Every structure is written in structure tokens, then in C-alpha cells.
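One letter stands for each residue in the lines below.
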Amino acid sequence: MSEDEPRFYWCLRHQRVEDDATKCPARFLLGPFETRQAAADALQQVHERNEEWDAEDARWRGEAN
């Protein structure tokens, strides 16, 4: 991602995609993402990664089937 390309963020406070011109403070943001759609999908990506990590933790503890 180059400096002149727009960046997009998912705002946790407003539950919407924001860009560099409209973004909230960093503590409320996920990103940056290269596309508006990637930012819109951010929470789904977080959910999927958390499930993967929880499963890996369970395997590590010997709790997996």
C-alpha cells in the first residue's frame, strides 16, 4: 500500500467504514485495509481468526477431539 493510495478502516464506535479523511481516533479502528470491502469485512475476519486461535489453543492444551 503506497502513501498516495486511499486507506480504509472499520470504526468500532460507529460500526462503519471510514477513510483517512473521516477516521476516528486509532483506538476505535481496525485497519488500515486496501479496499473499502476489506474494511467492511473486518469483523468477520476477526471472528474467523479468533475461532482458529481458540481451536489451536485447545489443541495445544490437549482438549481437541
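Up top is the structure.
Read on for an overview of the structure. (Residues numbered from 1 in each chain as written. Predicted model: local features only at pLDDT ≥ 70, side-chain atom pairs only at ≥ 80, totals over all residues. Heavy atoms only, no water.)

**Details of the nonpolar core**
At step 1: The biggest cluster of nonpolar side chains holds six residues, and these are Phe 8, Trp 10, Val 17, Phe 33, Ala 39 and Ala 42.
At step 2: If we ignore the near neighbours within four places in the chain, the residues touching Phe 8 are Val 17, Glu 18, Asp 19, Gly 31, Pro 32, Phe 33, Glu 34, Thr 35, Arg 36 and Ala 39.
At step 3: One finds Tyr 9, Cys 11, Cys 24 and Phe 28 within the second-largest nonpolar core, a separate group that totals five residues. (Core = buried A, V, L, I, M, F, W, Y, C linked by side-chain atoms within 4.5 Å. Buried < 20%, exposed > 50% of the residue type's maximum accessible area, 1.4 Å probe, protein only. Contact = heavy atoms within 4.5 Å.)

**Brief notes about unusual backbone geometry**
At step 1: A cis amide bond links Gly 31 with the next residue in sequence, Pro 32, at an omega value of 20°.
At step 2: When you line up the elements, Pro 32 lands in strand β3 (residues 29-33).
At step 3: One non-glycine residue, Gln 15, lies in positive phi territory at about 55°.
At step 4: With respect to the element layout, Gln 15 can be found in the loop between β1 (8-11) and β2 (16-19).
At step 5: We classify Gln 15 as partly exposed; its relative accessible area is 45%. (Helix = DSSP H or I, 4+ residues; strand = E, 2+ residues; numbered from the N terminus.)

Honestly, that's just the spatial picture; any functional story needs more than this.
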